[in-house]
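Listed below are the residues making up each chain.
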Protein chains: 2
Amino acid sequence: MIANDLPQGMTRNTISLLLGHPDPATVFTPELHEAMQSVLNQPQAYKALQYGPEQGTPGLISYLVDKVNREQDLALQPANMMLVAGSTHAIDMIARLFTKPGDIAIVEAPSYVDALHVFRDQQIELCSIPMDEHGLIVTELATLLAQLKSEGKTPRFLYSVPNFHNPTGITLSEERRVQIIALAQQYSFFIIEDDVYRYLGFERSLPTSFYALAQGERVMSIGSFSKTLAPGLRIGWLTGSPEAIQQCVNAGTTQMGGGANPLAAQMVMEYCLKGYWEWHIQRLQALYQQRRDTALAALSQFMPADVIWTTPLGGFFIWITLPKTIFAQEVKRLALHQGVTLSSGEGFFINFTDGQHNLRIAYSFASLSDLEAGIKILGQIIRNLQHP
Amino acid sequence: MIANDLPQGMTRNTISLLLGHPDPATVFTPELHEAMQSVLNQPQAYKALQYGPEQGTPGLISYLVDKVNREQDLALQPANMMLVAGSTHAIDMIARLFTKPGDIAIVEAPSYVDALHVFRDQQIELCSIPMDEHGLIVTELATLLAQLKSEGKTPRFLYSVPNFHNPTGITLSEERRVQIIALAQQYSFFIIEDDVYRYLGFERSLPTSFYALAQGERVMSIGSFSKTLAPGLRIGWLTGSPEAIQQCVNAGTTQMGGGANPLAAQMVMEYCLKGYWEWHIQRLQALYQQRRDTALAALSQFMPADVIWTTPLGGFFIWITLPKTIFAQEVKRLALHQGVTLSSGEGFFINFTDGQHNLRIAYSFASLSDLEAGIKILGQIIRNLQHP
């Protein structure tokens, strides 16, 4: 896939600042190998190869319920959770079951491009709210809601990536989360909390989740093993009211396909119950923090003075804002010719032109030396565009 | 799951004629174990744990394309196929991408209950066509199409399980397939060919597939490893025109989640390339043929004269039609009290009352002695209801 991005005739290795993928060296550790072997060698392994319980492998749900309760001081029951085949499955299922075409949803600007794509495939109308360094701007949300109401419209849900947001790396402040929940109650919409980067924080504490702040009311919260273990397993989890979860369990696709990836879920359960995941998460936090630090240092060193960027406290991404004279597409094109891939900002916005001066750097995938070399190349390209 | 079906206080083992699941003893063979171990021990295993190519693991697509071309005398290219997370994923994706709410689809009466559920979740309006022993009745389809046309309506697609149909076990005749394709061209609808039982035939030949008869025009055909290997792997494949496949590959969910279950797909590829699947299919055909024979013999021996049933030439299911005085729900309830589970017919029809004198027996899951004992119990229950 990376090789395909290379312009014809290019032979040197690509530096990928493009992909929001975990470091390849972290996805298949000896501990995961051991857990997989252990499942395959159990006499009961065949059960994980049949259709699974629709809600998902019970032992993994129990593990996750206990973990979330302990960490967030909640009192979830297993009925509050189901396993999903990654956050994709959860977002798609929620959109299908709880909206109808033409419904309005509110997203952050910018927002996770593939989620926008899924919502569009479901024929949902999207409105977006700009963000600042504390996340989506609540006064703008309130204005939009009032305006929609004056037109007789109510949004069905708000979709947010509150922690280490994709693509900006920004974390939504707790104060704003509380205000957003109040608006959700006032205007009767629900919140999809896409919290897949939650365990990739570099500091001890995080703002309280939407789910915990609202005590689960009007919130469905999504977690995933894709960022902290291995995307190829396709396992995540969805937390919500027992009624909402039951509705998802009773959906046609769930009834037809059985529980989410029973074999992979059994392997993940084995891995988690041995304590490996907790340990792996700590290792990942240190790894990505080092990469973030290297990326930030390189940005400081190599970027012209009028380029600005975010300082993520976790996750995979840094968001760069270029001067208005410099277009991200042009930087991206020139970078590709020097073997550096990255995303320009347009696709993350409903209105493409909103992102034409933004770049997203993923620091999760490239080595420290590649990160530094790639950002140096970007800095040179931008300088050359400024002073040709 | 089986245990949960038991009425309170029941202690004896349940005989399940309910589940359309493969025999549990067949899903985790030494050959599959070997293929899985082989993947986990490859230095490149980590690649299968990342996000995969959106179209699916290329080596497995190549294997399937070659197999289908060889068997059906086709000239498919890899661009005609993508991997899916089971037929569920394919049906759901097709319905989402190629219909809009309120669109009309035509299904067989009876039809696969979970597919109906998925279509309903997508707010598709369903019309059904009755079946006889040769499959859906084409004259009835022609009448419906003409009637819809007179109302200014066009169905978007026809959904069919042409081989060893669920729930009836009936195979649609080739003559009718040709007629249906002609109607699809005349009325501009497409055909979803759900062919997941294809490789479970007990005879040498099968009618030519919709896909082959139409040379792929207006047909999307679905295959799966769930019936002939292991449902818990969640791997199937979708065949269609390059344009339709590309549209599925470009869908939000595909772009967001990556290819279908990359780890499981790699394991299935390894298993297939070693020739194990072909060999396993032959073993399954013999196994299920023996079960079908045992079930048919027990039906002949134990059922009253006015009960009739289908004679499947493959697959998992026999469809029983009771006299009009006997209600399937009552038989099901009494059977459960004697530890025998099975499906009554209502859920397989759009109009529930159409199935109230039908039962579906799955012979795939129970042992030969359980099959015989279960059918004996059903026969006694029906006799008792006739002559209380």
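From a predicted model like this one, the values you see are computed outputs, not experimental measurements. (Residues numbered from 1 in each chain as written. Chains lettered and ligands numbered in written order. Predicted model: local features only at pLDDT ≥ 70, side-chain atom pairs only at ≥ 80, totals over all residues. Heavy atoms only, no water.)

J.: When you look at the nonpolar core in this model, what are you seeing that I'm missing?
T.: Buried together is how nonpolar side chains tend to be arranged in soluble globular proteins. In terms of nonpolar packing, the biggest core is built from 130 residues, with Leu60(A), Trp277(A), Leu60(B) and Trp277(B) touching the most fellow members. Excluding anything up to four places from it in sequence, Leu60(A) contacts Leu83(A), Phe225(A), Ile235(A), Ala265(A), Val268(A), Met269(A) and Cys272(A). (Core = buried A, V, L, I, M, F, W, Y, C linked by side-chain atoms within 4.5 Å. Buried < 20%, exposed > 50% of the residue type's maximum accessible area, 1.4 Å probe, protein only. Contact = heavy atoms within 4.5 Å.)

J.: How should the environment of Asp92(B) be read in this particular structure?
T.: Assignment of secondary structure puts Asp92(B) in helix α3 (residues 86-98). Under the relative-accessibility criterion, Asp92(B) is labelled buried at 5%. A sequence separation of 23 residues divides Asp92(B) from Ala115(B), and the C-alpha atoms of the two residues are 8.5 Å apart. Excluding residues within four positions of it along the chain, Asp92(B) makes contact with Asp92(A), Arg96(A), Thr253(A), Val118(B) and Gln122(B). (Helix = DSSP H or I, 4+ residues; strand = E, 2+ residues; numbered from the N terminus.)

J.: What should I look at first to understand helix α13 (residues 368-386) of chain B in this one?
T.: Each α-helix turn comprises 3.6 residues. Residues three or four places apart therefore point the same way. All names here are of chain B. Look at α13: 27 Å from first C-alpha to last across 19 residues, which is about the 27 Å you get at 1.5 Å a residue. Taken together, the buried positions of α13 are occupied by Leu371, Gly374, Ile375, Ile377, Leu378, Gly379, Ile381 and Ile382. Contacts from the buried residues of α13 go to β1 (15-16), α11 (276-302), α12 (328-337), β12 (340-341) and β14 (358-362). (Expected span 1.5 Å × (residues − 1).)

J.: Please clarify how the relation of the copies chain A and chain B should be interpreted in this entry.
T.: A rotation about some axis, followed by a shift along it, carries one copy of the chain onto the other. Superposing chain A onto chain B takes a rotation of 180° plus a shift of 0.0 Å along the axis, which leaves an RMSD of 0.0 Å. Both chain copies can therefore be described as sitting about a two-fold axis. Comparing interface residues between copies, 100% of those in chain A also lie at the interface in chain B; the contact surface is shared. (Least-squares fit on C-alpha atoms with pLDDT ≥ 70 in both.)

J.: Can you help me understand the pattern of salt bridges in this one?
T.: A pair can form between side chains of opposite charge whenever their charged atoms are brought close. All names here are of chain A. All chains considered together, the criterion is met by 28 salt bridges over all chains. Among the ionic pairs, Asp23 bridges to Arg291, the shortest N-O distance being 2.3 Å. One end of the pair, Asp23, is in the loop between β1 (15-16) and α1 (30-40); the other, Arg291, is in helix α11 (residues 276-302), and 268 residues separate them in sequence. Here Asp23 matches Arg291 in class, with each residue buried. A salt bridge links Asp293 to Arg292, with the shortest nitrogen-to-oxygen separation between them at 2.9 Å. Judged by its relative accessible area of 9%, Arg292 is buried. (Salt bridge = Lys/Arg side-chain N within 4 Å of Asp/Glu carboxyl O.)

J.: Honestly, the packing of aromatic side chains in this entry has me stumped. Any pointers?
T.: Working definition: an aromatic ring pair is given by the centre-to-centre distance plus the angle between the planes. All names here are of chain B. Applying the stated rule across the entire model yields 32 aromatic pairs over all chains. Plain terms: the ring middles of Tyr199 and Trp277 are 5.5 Å apart, the flat faces sit at 75° to each other, and that makes the pair edge-to-face. Highlighted residues: Tyr199 in the loop between β7 (190-194) and α7 (210-213) and Trp277 in helix α11, separated in sequence by 78 residues. By the burial criterion, Tyr199 is buried, and Trp277 matches it. Note on Tyr271 and Tyr276: the rings are 5.8 Å apart at their centroids and 55° apart in plane angle, and the pair reads as tilted. (Phe/Tyr/Trp six-rings, centres within 6.5 Å; stacked < 30°, edge-to-face > 60°.)

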